[in-house]
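Analysis of the macromolecular model
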Amino acid sequence: MPDPLSSDSNSPAPPAASATFRANPALSPAVVGLGITEMGKVYGRTAPDFAADAVRRAVADAGLRTADLDGLLINSGVRNDLGLELARDLDLRDLRLLDYLQGYGSSAGAMVSFASLAVSSGLATTVACVFADAPLREGRGTGAAYAARKPPSGFDGLLVDAGLASVNARYALAARRHMTTYGTTSEQLGAVAVAQRGWAVRNPLAQLRTPITLADHQASRMIADPLHLLDCCLVSNGGIAVVVTTAERARDLAQPPVHVKGFAQAHPGYPDAGDSAFGLVSGAARSGPAALAMAGASIEDVDVAELYDCYTFTALLSVEDYGFCAKGEGGAFAESGALGPGGGRTAFNTGGGQLSSYYMWGMTPLSEAVIQARGQGGERQAPRNDLVLVSGNGGVLDHHSTLLLSPHAGS
Amino acid sequence: MPIARDAASAEFFDGTARGELLLRRCTGCGRISAPQARQCPDCAATEFTPAPASGAATLVSWAVPHDREGRPLTVAALVELAEGPWLRLRLTGVAEPAADLSAGLPLTVSFEAVADGETVPVVSVAREGRHETVDRIPAPQEGPTP
Ligand SMILES: [Zn+2]
């Protein structure tokens, strides 16, 4: 067994952008608008419809008009049906920044990072970042939404033959490797699901609000052993957007600003050979320390962590890789109840996450982080919110992004 | 489900039809890579010669996708070949999925002819020089997604 952490020995250097922010605090970036459309089994609307709706809502939330935007960053979901035409749908003129990016679940963090760099460098002043997706069709199983659409050929055909056409099965392979290496159990994965449902019960935005028990998790049908149904996220139609501007401009807007203190990405590029850390270590092990260094903080300072949770396993692995517990002890950490309401020093996935609230890729943790940093979490508001961590995960643990947010300006 | 070849996999499926699992040996440094490798991970060379695998492998991880009625569809295995590369292949001959499996379990590569498609490599649990004939586990269908 290789040492999964041996490849992470380089200490990450803080991105140069942190120096820029400190040199001119007026230009430091802040999230000032959040727009969440109707969400879930909402039929008859396309992804571009949801995206435009989300941007309009985010701009209105900030106390701005769409004409105030001079930047737009777009991330499309699995159907790849969003594009630069969105600027036309929103009647945006004379944009100084317009781009489409795709890092799957890491995209929301990446968009906020690029928007932050843009506003702090003067490339643009007011940038909307949007994700929308409409994979669900009325009368069709949710399984079809993410199923492969082309007949298999070539080496991809072997993946289909092996039973790995679905993302579920590929994550099941990752989870199993963690289980056989560290002794992680299905019950420990279940503890993640139970904890997050505990939060969702308190979240009016959540789609699943009936409490569940560990027995419910164990009895839920097997999707891809070792993953049960309750280990898997929802699939939702909808859209979410945020607006990023400078701290100086943020002062005059409608919502309390949420300052962007740090960000980083990590893309492990697992080799298909014995030294691969696939299933054992995610990109969070690198992007977490790098983002914290940029923010001048340590993991002990994190009050709220909104972790990407396409599966219970993804959240459990991220808990370890960020350093909330030791490597291999994520299962025991979850089992201790640390992830549920009233759990411990750090509040985790306070909205219920993608498992129980809504599945909008990286916008799920980001939107809840903005709500928590504003102190608008109502029944589920964490007692402390000085530093909020947001993780994004894409592919099958292939892509990772980290954001650190705070209601406080300055460093 | 029959698999069609494409340009990148033609040589590989010529190999499986002969009962050979062809890996790629780097012409620069000799490192052996997976059949679908495009660049040598050691020296970045892009020229390879085919290198038949011995067929010995070990189990790294496995998953058992189920259909909506809760029936196991197949056992998907992540395997490490004796030559080093990892492959994702169907694990055959396991009646009760997951029951007797463990990381590091020795496996053997064999080949299954498929009507109207290419011959596919599969793995089974190694049994000291003897191959058992087993009923095929039902072919995988569209994977369920939450
Ligand atoms: Zn080489």
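Just so we're clear, the structure is a prediction, and the values are computed from it rather than from any experiment. (Residues numbered from 1 in each chain as written. Chains lettered and ligands numbered in written order. Predicted model: local features only at pLDDT ≥ 70, side-chain atom pairs only at ≥ 80, totals over all residues. Heavy atoms only, no water.)

1. Description of the coordination of the zinc ion
Around a metal, the idealised angle for a tetrahedral arrangement of four donor atoms is 109.5 degrees; for an octahedral arrangement of six donor atoms it is 90 or 180 degrees. All names here are of chain B. Stated precisely, the cut-off is as follows: Water is not part of the atom set, so a site may look incomplete; the donors themselves are N, O and S atoms within 2.8 Å of the metal, or 3.2 Å for Na, K and Ca. Geometry is assigned from the angles between donors: four donors with all angles from 85 to 135 degrees make a tetrahedral site, four or six donors whose opposite pairs exceed 155 degrees while the rest stay between 65 and 115 make square planar or octahedral sites respectively, and everything else is labelled irregular. Secondary structure is summarised from DSSP: a helix means a run of H or I of at least four residues, a strand means a run of E of at least two, and numbering begins at the N terminus for each.
Those protein atoms acting as donors to the zinc ion are Cys-26 (SG), Cys-29 (SG), Cys-40 (SG) and Cys-43 (SG), and they sit at 2.3 to 2.4 Å. In this structure, the zinc ion is surrounded by four donor atoms whose angles at the metal cover 93 to 118°, and the resulting shape is tetrahedral. Of note, the zinc ion draws all its donor residues from one chain, in the sequence arrangement C-x2-C-x10-C-x2-C. Of this pair, Cys-29 sits in the loop between β1 (22–26) and β2 (32–33) while Cys-43 is found in the loop between β2 and β3 (48–52), placing the two residues 14 residues apart along the sequence.

2. Description of the interface of chain B and chain A
Short version of the rule: Any pair of residues with heavy atoms lying within 4.5 Å of one another is described as a contacting pair. What gets called buried area is simply the loss in accessible area from a 1.4 Å probe that two parts show on being joined, summed for both. For salt bridges, the criterion is a side-chain nitrogen of Lys or Arg within 4 Å of an Asp or Glu carboxyl oxygen. Here a polar contact is taken to be a pair of N or O atoms separated by no more than 3.5 Å, where protein atoms must pair a possible hydrogen donor with a possible acceptor and residues adjacent in sequence count only if both atoms sit in side chains. Nonpolar residues are Ala, Val, Leu, Ile, Met, Phe, Trp, Tyr, Cys and Pro. Charged residues are Asp, Glu, Lys and Arg, and all others, Gly as well, are polar. Following DSSP output, two strands are said to pair if at least two bridges run between them.
Taken together, the contact pairs 46 residues of chain B with 38 residues of chain A. Carbon and sulfur atoms make up 62% of the surface buried where chain B meets chain A, a total of about 3600 Å² over both sides. Along the contact surface separating chain B from chain A lie two salt bridges. Notably, a salt bridge pairs B:Arg90 with A:Asp161, separated by 3.1 Å at the nearest N-O pair. On inspection of chain B and its partner chain A, the count reaches nine residue pairs in polar contact (both at pLDDT 80 or more). Those elements giving two or more residues to the side of chain B that touches chain A turn out to be α1 (10–17), β4 (56–65), β5 (75–81), β6 (86–92) and β8 (120–125) of chain B. In terms of residue count, the dominant contributor to the side of chain B that touches chain A is β4(B) (six residues). Partitioning the side of chain B that touches chain A into residue classes produces 27 nonpolar, eight polar and eleven charged. Note that strand β5 (residues 222–225) of chain A and β4(B) share two bridges and pair antiparallel. Counterpart to A:Ala224 in the pairing with β4(B) is B:Pro65.

3. Comments concerning the packing of helix α7 (residues 167–182) of chain A against helix α12 (residues 312–322) of chain A
All names here are of chain A. Selection rule: Axis lines are fitted through C-alpha atoms, for helices just across the contact stretch, and the angle between N-to-C directions can take any value from 0 to 180 degrees. Every angle not falling under 35 degrees, over 145, or within 65 to 115 is termed oblique; those three ranges are roughly parallel, roughly antiparallel and roughly perpendicular. Note on convention: the crossing is left-handed when the near helix lies turned anticlockwise from the far helix by less than a right angle, right-handed when the turn is clockwise.
Close contact between α7 and α12 brings their axes to 10 Å; oriented N to C, the two are set at 45°. With respect to their mutual orientation, α7 and α12 come out oblique. At the point where α7 passes α12, the crossing takes the left-handed sense. On the side of α7, the interface is formed by Tyr-171, Ala-174, Ala-175 and His-178, while α12 contributes Phe-313, Thr-314, Leu-316, Leu-317 and Glu-320. Taken together, the residues that form the contact of α7 with α12 break down as six nonpolar, two polar and one charged.

4. Quick word on the layout of surface pockets
Quick note on the threshold: As defined here, a cavity is a set of points on a 1 Å grid over the protein atoms alone where a 1.4 Å probe fits but cannot get out. A pocket is an open set with protein on both sides within 12 Å along at least five of seven lines, and residues line them when an atom is within 4 Å of a point. Grid points are joined across faces, edges and corners, and a volume is the space filled by probe spheres set on the points.
Approximately 870 Å³ is the volume found for the second largest pocket. A:Tyr270, A:Asp272, B:Gln36, B:Trp86 and B:Arg88 are the residues nearest the centre of the second largest pocket, which is lined by 31 residues in total. For the lining of the second largest pocket, the secondary structure elements donating two or more residues are α6 (154–162) and α7 of chain A together with β2 and β6 of chain B. Looking at the lining of the second largest pocket, its residues break down into 19 nonpolar, six polar and six charged.

5. Digging into the pattern of salt bridges
Filter applied, for reference: For every residue, the accessible area (1.4 Å probe, protein chains only) is compared with the maximum for its type, and the residue is labelled buried under 20%, exposed over 50%, or partly exposed between those bounds.
Applying the stated criterion to the full structure yields 23 salt bridges over all chains. Residues A:Arg96 and A:Asp70 are paired through a salt bridge, measuring 3.2 Å at the closest nitrogen-oxygen approach. Taken together, the positions of A:Arg96 in the loop between α3 (86–89) and β3 (97–100) and A:Asp70 in the loop between α2 (47–62) and β2 (71–76) put the pair 26 residues apart, joining distant regions of the chain. The shortest N-O distance in the salt bridge between B:Asp14 and B:Arg5 comes to 3.0 Å. For B:Asp14, a relative accessible area of 36% puts it in the partly exposed group. With a relative accessible area of 35%, B:Arg5 lands in the partly exposed category. A single network of salt bridges, built from pairs that share partners, joins A:Glu38, A:Arg45, A:Asp53 and A:Arg57.

6. Topic: the packing of helix α8 (residues 186–200) of chain A against α12(A)
Residues and elements named next belong to chain A. In contact at an axis separation of 9 Å, α8 and α12 are set at 95° when each is read in the N-to-C sense. The angle between α8 and α12 falls in the class roughly perpendicular. The segment α8 lies against α12, with Gln-188, Leu-189, Val-192, Ala-193 and Gln-196 engaging Thr-312, Phe-313, Ala-315 and Leu-316.

7. Examining the pairing of β8(B)
All names here are of chain B. With respect to burial, β8 is a largely interior element, five of its six residues being buried. In terms of strand pairing, β6 meets β8 through three bridges, oriented parallel. Among the inter-strand pairings, Thr-92 is bridged to a residue of β8, identified as Ser-124. Alignment of strand β7 (residues 106–112) against β8, held across six bridges, turns out to be antiparallel. Note on β8: the bridge partner recorded for Leu-107 is Val-125.

8. Notes on the pairing of β6(B)
Residues and elements named next belong to chain B. Counting buried residues in β6 gives six out of seven residues, a clear majority hidden from the surface. In this structure, β5 lies alongside β6, joined through six bridges in antiparallel fashion. The residue of β6 that forms the bridge with Glu-80 is Trp-86. The hairpin formed by β5 and β6 contains four residues between the paired strands, and Gly-84 there has a positive phi angle of roughly 120°.

9. Considering the side chain of A:Ser287
Within the fold, A:Ser287 resides in helix α11 (residues 284–295). The residues contacting A:Ser287, other than those within four sequence positions of it, are A:Ala264, A:Gln265, A:Ala266, A:Tyr322, A:His400, A:Ser401 and A:Thr402.

10. Some points on the confidence of the model for chain B
Residues and elements named next belong to chain B. We apply this condition: Per-residue confidence from the predictor is reported as pLDDT, which spans 0 to 100.
Looking at chain B, the pLDDT average stands at 87 and 84% of residues meet or exceed 70. Predicted confidence for residues 129–146 stays below pLDDT 50, and this span has 39 contacts to residues more than four positions away or in other chains. The ipTM value of the predicted complex is 0.91, and its pTM value is 0.92.

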